[in-house]
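# Results of the structural survey
Residues per chain are reported as follows:
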Amino acid sequence: MQPISILRVSRKTMTWAVAAAIAIAPLLPSGDAANAAASRYKIIEQAIDVNGTAVTLPAINSEGTTYVALRSLNNQIGLTTKWNKTSNTITVTGRDRELVLNLGDGSAVLNDQQIYGLPAIVQSGTSYVPFRFLLERMGYGVAYDPATKGIGIEEIRENSLTIETQAIKEDKKRQSILVHYPQIAGYANEDAQKKINELLKKDAELNVELAKESLANALEGDDGSYEVTFDGTYTVSYNEQDKLSLYVDYYIYTGGAHGSTARVTYTFDLKTGKLLSLADVTGGKAKYVSIINSHIQKQIQARGLQLLAPFKTIEPDRDFFLKHNGIVVYFGQYEYTPYAAGMPEFEIPYSAFE
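Below you will find a few notes about this structure. Predicted, not measured: the structure shown is a model, and the values here were computed from it.

What counts, and where the lines are drawn
- Residues numbered from 1 in each chain as written.
- Predicted model: local features only at pLDDT ≥ 70, side-chain atom pairs only at ≥ 80, totals over all residues.
- Heavy atoms only, no water.
- Salt bridge = Lys/Arg side-chain N within 4 Å of Asp/Glu carboxyl O.
- Helix = DSSP H or I, 4+ residues; strand = E, 2+ residues; numbered from the N terminus.
- Buried < 20%, exposed > 50% of the residue type's maximum accessible area, 1.4 Å probe, protein only.
- Pairing = 2+ DSSP bridges.
- Axes fitted to C-alpha atoms, helices over the stretch in contact; angles between N-to-C directions.
- Core = buried A, V, L, I, M, F, W, Y, C linked by side-chain atoms within 4.5 Å.
- Expected span 1.5 Å × (residues − 1).
- Contact = heavy atoms within 4.5 Å.

## Some details on the pattern of salt bridges
For the structure on display, the rule yields 12 salt bridges. Note that K323 is salt-bridged to E136, the shortest N-O span being 3.2 Å. Taken together, the residues K323 in strand β21 (residues 321-323) and E136 in helix α3 (residues 131-137) connect sequence positions 187 residues apart. The class for K323 is buried, based on a relative accessible area of 15%. Owing to a relative accessible area of 22%, E136 belongs among the partly exposed residues under this scheme.

Listed below in C-alpha cells is the structure:
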C-alpha cells in the first residue's frame, strides 16, 4: 500500500507529514457485541474509597479495565443516572456535565460532543461502565493501588469556569468535516479567557483549512467508492489550581484501510492565558527529561509494550497534558508502537519532580 499524506497537527510546526495509510480509527465495538460476551464475566465486589469513605461496588474486571455497576453511582458517588427504554440510552449527570451512553451501539456523548472509549457491558439487566473512563470525564480523580487492588476516587475542586462546545461543520458530496473545540466561559480573568478562546478557535479553523486540501486531493481521480472525512474531538484532562489542560484528537480519512489520528495538546496558565511548556509544569527541575525517560522505560517494561524502534529519550519540549495525579506524555501513532497499541500514554506523578 502506498503512503498517503496526513495532517500532522502541531502548534509548533503546523506542517504536513507522510505516514502509512493504516492508522487508528475512532471506532467502538457495538453495545450488542459487548452484551453478547457479557455472560462470561464474573461479578465481584470492588473495594473503592470515595472521598475517604470505604465502600464496595458490584464490578467486572476485564482485560485490565474495571467496569462498575452504573446504579451504584447514584448512592455512593453522587451522580444521577437515568435509563431511557425507548432510545436504550443511559444519561449520567453531575458537576455541570451530561454524559449519554448508548447501550445499543456503544457510543457516548459528553456535553453535546461524541467521545470515544470502551462501551458499557450489560449483564442480567445491570449496566457496567468503564470506571476510570466515566469518572475522569465527570470531574473525579481516580487512583489504583496494585498492592491492595483498591480504587480511590475523589471529587476534584475545579476552577470556577464552564466549558462550552463549539463546532465547525461542513457537508459536501462525499466529504464531511466535523471539528469540535472548547471555549471557556464565566472565568474571572476575562482577558485571559479571551486569549485562550481565541487561540483554541484559531487553531481549530486552521486545522480545518489544512485538512481541506488533503481531502480535496484524495477525491481527485478516485473511483467514487468512498467518502473522505475530517473530525476533531477534544478532551479536558485537568481543570485545577488556575491551570487548564486539554487535547484535541484530529482524525482524517482519505481512503485506504483506515484513517489517521494526530493529537494537539494545550496547557494554559489561567491567570495569564499563557501556554505552559513541559519545563514550566515540572517545577523547573533541571533533570525533568531524564526523570520522565526513566518512568517511560519502566512503564514500557511493566506493560510489555512492543516497540517498532528503541525508546531513548523525549525532547525537552515534548507535547504533554496534565491529569489530576500527574503529567502525561504519549507516543504518537507509529512513533514507537504498532497500530494496535494506539497512542500509548505515560503518566508521571507530580511527586517525581519534587
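From this point on, the discussion continues.
## A few points about the sheet that holds β21
If you walk across this open sheet you meet the three strands as β21-β22-β23, and the pairing is antiparallel. Both outer strands of the open sheet, β21 and β23 (345-349), are each paired with one neighbouring strand and no more. Each strand axis lies, on average, 35 degrees off the axis of its neighbour in the sheet, ignoring direction. Two strands pair when backbone bridges link them, and β21 and strand β22 (residues 326-330) are joined in this way by three bridges, in the antiparallel orientation. Across the sheet, residue F321 finds its bridge partner in β22, namely V328.

## Some details on the nonpolar core
Formed by 29 residues in total, the largest nonpolar core has its most connected members in I48, L99, F131, L134, L135 and I153. Of all the elements in the fold, those that place two or more residues in this core are β3 (44-50), β4 (53-62), β7 (89-94), β8 (97-102), β9 (108-110), α3, β13 (140-145) and β14 (150-155). Ranked by residue count, the leading element in this core is α3, at four residues. Y181, I184, Y234 and V264 belong to the second largest nonpolar core, which has 27 residues in total.

## A word on the sheet that holds β4
Sheet strands associate in pairs through backbone hydrogen bonding, adopting either a parallel or an antiparallel arrangement. Reading across the sheet, the seven strands line up as β11-β12-β5-β4-β3-β14-β13 and stay open at both edges, with mixed pairing between neighbours. Each edge of the open sheet is held by one strand with a lone partner, namely β11 (121-123) and β13. Taking each pair of neighbouring strands and ignoring which way they run, the sheet shows an average axis angle of 40 degrees. The pairing of β4 with strand β5 (residues 65-69) spans four bridges and is antiparallel.

## Let's talk about helix α6 (residues 288-303)
Compared with the 22 Å implied by 1.5 Å per residue over 16 residues, the 22 Å span of α6 between its first and last C-alpha is a close match. Along α6, the residues classified as buried are Y288, V289, I291, I292, N293, I296, Q299 and I300. Looking at the buried side of α6, the elements it contacts are α5 (278-281), β22 and β23. A positive phi of about 65 degrees marks G304, the residue just after α6.

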